[in-house]
Amino acid sequence: MTLTGKMLIGGAAVPGTRDALHAIDPATGQPLQPAYPGASRQQVEQACALAWAAFDPYRNTAPAARAAFLDAIADAIEALGEALIERAMAETGLPQARLQGERGRTCQQLRTFARTLRAGEWLDVRIDRAQPQRQPLPRPDLRQRQVPLGPVAVFGASNFPLAFSVAGGDTASALAAGCPVVVKAHGAHPGTSELVGQAVARAVERCGMPEGVFSLLFGAGREVGLGLVTDPRIKAVGFTGSRSGGLALCQAAQVRPEPIPVYAEMSSINPVLLFPAALQARGAALAQGFIASLTLGAGQFCTNPGLLIAPRGAALDAFLAHAAEQLRPCKAQVMLTPGIHQAYAAGVAALARHPQVRQIASGEPGEGPNRCQAQLFVTDAEAFLADLQLHGEVFGAAALVVQCEGAEQVPRILDALEGQLTATLHLDDADLDAAHALLPALERKAGRVLVNGWPTGVEVCDAMVHGGPFPATSDARSTSVGTAAIQRFLRPVCYQGFPDALLPVALREANPLGLRRLLDGEREA
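In this text, all values refer to a predicted model and were calculated from it rather than measured experimentally.

## Section: the environment of Arg87
Right, so step 1: Examined against the element boundaries, Arg87 turns out to sit in helix α3 (residues 82–92).
Right, so step 2: Given the relative accessible area of 13%, Arg87 is considered buried.
Right, so step 3: Placed 106 residues apart in sequence, Arg87 and Ser193 show a C-alpha to C-alpha distance of 9.7 Å.
Right, so step 4: Beyond its immediate stretch of four places on either side in the chain, Arg87 contacts Leu3, Ala23, Leu32, Gln33, Pro34, Gly191, Thr192 and Leu195.

Now the structure itself:
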């Protein structure tokens, strides 16, 4: 596949007119060709105008047609073959196996939403038939379904060049909902983004979808992003990235004449609670699992376990010794970008110089630029509670262990934490009562609570929640992974007193789509 350095505005490949960006090979620090000039304000407006023009035709396509479109995107991505993997490796420093797995997940997401469309439950059809004889007042015929919000701006993520980027979960769920998408590619992997964008464009043409249903823009800085979020034709935003970037988009979206929702995933340290019986019985195995999770992908996961909470004592001392033994031979891994590596190094340095934090172990130092040397630190509960700086995310393979003097300190720590994507409990039967007492606090703080697992695996399925209270996300009511993600880009509409012929197909009395409706208060079989 040939890289052109051009954007996609609707069906046209268009060169940008603003400052160009280059991908950087993080393993060498060298720039990669081609250059990717950024979009002008006029080009952003053109993409948004095409998306708006495509909105009504696209949202009125049959669910089966949209499902076939999502399947076609997955097919087109797979057809890119190893060229996609090779470019992504060059732009991210991620290994081949990781990227091949991520490509599989990306295509799985698309096909899962295709299945969701065909099942039809996302429409959430509710029908209350007319009761003309009801006293003291008759009831009119009332029918409700979900409709798409409108064009969606999606921002590609740095740490997932495929699964959370051009055709990732936000794009898949928005297209499934019936919303055209304008993607701002992440500047770290523009070549990968162009290849995937070309695949989406081929699927648009193959399936006969409206021209403006998909556009792909490039741009350094925040001009393109803010231009998208403030354009009146954009009706929602999907974002995965830094807290500062997410908050800037949220602020821009809220000061518009018509505020719009921003679904931003921003920051999480994903606390792990080690309970006494589990720590005593299997501390060595827990240490091994912890270090494997911490160092996976150089720790560059939003669900990386960055905080451990455990009771002080001999069992914790043994756990820390095993963890240090596991960590020291870990080889330094290439981080995604020079900027991410600089932020990691600064975060680690801040922990290392903190007077009440002790370094337990370091992984092997790296040779070459942008290498992540894994780190493990320890502090006590009172020091952690006294200093909010210790609560911040260090994006990479670094974790802080908090030693508690007694069980009463654990609820205080949980109450002091910000919102999280995940919280993990490692427990045995003897720990169940203590764990049960903490569940209300954990539910308040996290979108996903795990028992005897590690949080770095996020399954794409119906029950998954990848979200949580602020600042894990900007809207704790939603998820960005799993089929429930489609709900972010839908809203309910009620149709009162409509003749059957005028009703949307999904609401007609004969139920031509074969949906499981809520009919007069009872769910149909």
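Here the narrative resumes, following the displayed structure.
## Thoughts on the pattern of salt bridges
Pairs can form between side chains of opposite charge whenever their charged atoms are close.
Right, so step 1: Throughout the structure, instances matching the rule amount to 29 salt bridges.
Right, so step 2: Two residues, Arg256 and Glu258, come together in a salt bridge whose shortest N-O distance is 3.6 Å.
Right, so step 3: For Arg256, a relative accessible area of 7% puts it in the buried group.
Right, so step 4: A salt bridge links Arg444 to Asp415, with the shortest nitrogen-to-oxygen separation between them at 3.5 Å. Linking Arg444 in helix α14 (residues 432–445) with Asp415 in helix α13 (residues 409–416), this pair joins segments that are 29 residues apart in sequence.
Right, so step 5: Overlapping salt bridges bring together Arg129, Arg139, Asp141, Arg143, Glu509 and Asp520 as one network.

## Focus: the sheet that holds strand β14 (residues 271–274)
Right, so step 1: The strand order β17-β19-β20-β15-β14-β21-β22 describes an open sheet built from seven strands, whose pairing is mixed. Each of the sheet's edge strands pairs with one partner strand only, and the pair in question is β17 (358–362) and β22 (446–451). Adjacent strand axes in the sheet meet at a mean angle of 20° when their direction is disregarded.
Right, so step 2: Packing of helix α9 (residues 276–295) onto the sheet brings it into contact with β14, β15 (307–311), β19 (375–380), β20 (398–404) and β21 (420–426), and relative to β15 it is tilted by some 165°.

## Some details on the environment of Ala13
Right, so step 1: With respect to the helices and strands, the residue Ala13 is situated in strand β2 (residues 12–14).
Right, so step 2: Not counting chain neighbours up to four residues away, the residues in contact with Ala13 comprise Lys6, Met7 and Leu8.

## Brief notes about the packing of helix α2 (residues 63–79) against helix α5 (residues 169–177)
How two helices pack is summed up by the angle between their axes together with the distance between the axes.
Right, so step 1: The contact between α2 and α5 brings their axes to 9 Å, and the two run at 155°. Classified by the interaxial angle, the pair formed by α2 and α5 is roughly antiparallel. As α2 packs across α5, the resulting crossing turns out to be right-handed. From α2, Arg66, Phe69, Leu70 and Ile73 reach across to α5, where they touch Ala172, Leu175, Ala176 and Ala177.
Right, so step 2: Across the contact of α2 with α5, the residue classes tally to seven nonpolar, no polar and one charged.

## Regarding the pairing of strand β12 (residues 236–240)
Right, so step 1: Most of β12 sits inside the fold, with five of its five residues counted as buried.
Right, so step 2: Both faces of β12 are covered, namely the face carrying Ala236, Gly238 and Thr240 and the face carrying Val237 and Phe239.
Right, so step 3: Of the pairings in the sheet, the one linking strand β9 (residues 152–155) to β12 comprises four bridges and is parallel in character. Looking at the pairing, Phe155 lines up with Phe239 of β12.
Right, so step 4: Bridging between β12 and strand β13 (residues 262–265) involves four bridges; their strand directions are parallel. Counted as the bridge partner of Phe239 is Ala264 from β13.

## Comments concerning the domain arrangement of the protein
Right, so step 1: Along its sequence, the protein is carved into domain 1 (8–23 + 32–131 + 139–266 + 476–489) and domain 2 (271–451).
Right, so step 2: With centres defined by C-alpha atoms, the gap from domain 1 to domain 2 works out at 33 Å.
Right, so step 3: Listed as interface residues are twelve residues of domain 1 and, on the opposing side, twelve residues of domain 2.
Right, so step 4: Summing both sides of the interface, domain 1 and domain 2 together bury roughly 870 Å²; the carbon and sulfur share of this comes to 57%.
Right, so step 5: Applying the counting criterion to the domain 1 and domain 2 interface returns one salt bridge.
Right, so step 6: Measuring nitrogen to oxygen at the nearest pair gives 2.8 Å for the salt bridge that ties Glu418 to Arg243.
Right, so step 7: Taken together, the residues of the side of domain 1 that touches domain 2 break down into four nonpolar, four polar and four charged.

## With respect to the UniProt feature "domain: Aldehyde dehydrogenase" (unreviewed entry) in the protein
Right, so step 1: In the numbering used here, UniProt assigns the feature "domain: Aldehyde dehydrogenase" (unreviewed entry) to residues 19–460.
Right, so step 2: Between the end C-alpha atoms of residues 19–460 there is a gap of 37 Å, over a span that is 44% helix and 19% strand.

## Side note on α2
Right, so step 1: Between the first and last C-alpha of α2 there are 24 Å, a value that for 17 residues agrees with the 24 Å anticipated at 1.5 Å per step.
Right, so step 2: The set of residues buried in α2 consists of Pro63, Arg66, Ala67, Phe69, Leu70, Asp71, Ala72, Ile73, Ala74, Ala76 and Ile77.
Right, so step 3: Taken together, the buried residues of α2 touch α1 (41–59), α3, α4 (96–119), α5 and α6 (190–207).
Right, so step 4: Positioned one or two residues after α2, Gly81 has a phi angle of 65°, which is positive.

About the criteria used
Residues numbered from 1 in each chain as written. Predicted model: local features only at pLDDT ≥ 70, side-chain atom pairs only at ≥ 80, totals over all residues. Heavy atoms only, no water. Helix = DSSP H or I, 4+ residues; strand = E, 2+ residues; numbered from the N terminus. Buried < 20%, exposed > 50% of the residue type's maximum accessible area, 1.4 Å probe, protein only. Contact = heavy atoms within 4.5 Å. Salt bridge = Lys/Arg side-chain N within 4 Å of Asp/Glu carboxyl O. Pairing = 2+ DSSP bridges. Axes fitted to C-alpha atoms, helices over the stretch in contact; angles between N-to-C directions. Parallel < 35°, antiparallel > 145°, perpendicular 65-115°, else oblique. Left-handed = near helix turned anticlockwise from the far one by under 90°. Nonpolar A, V, L, I, M, F, W, Y, C, P; charged D, E, K, R; others polar. Domains from an automatic or database assignment. Buried area = accessible area lost by both parts, 1.4 Å probe. UniProt positions renumbered as here; feature names shortened; annotations may be inferred. Expected span 1.5 Å × (residues − 1).

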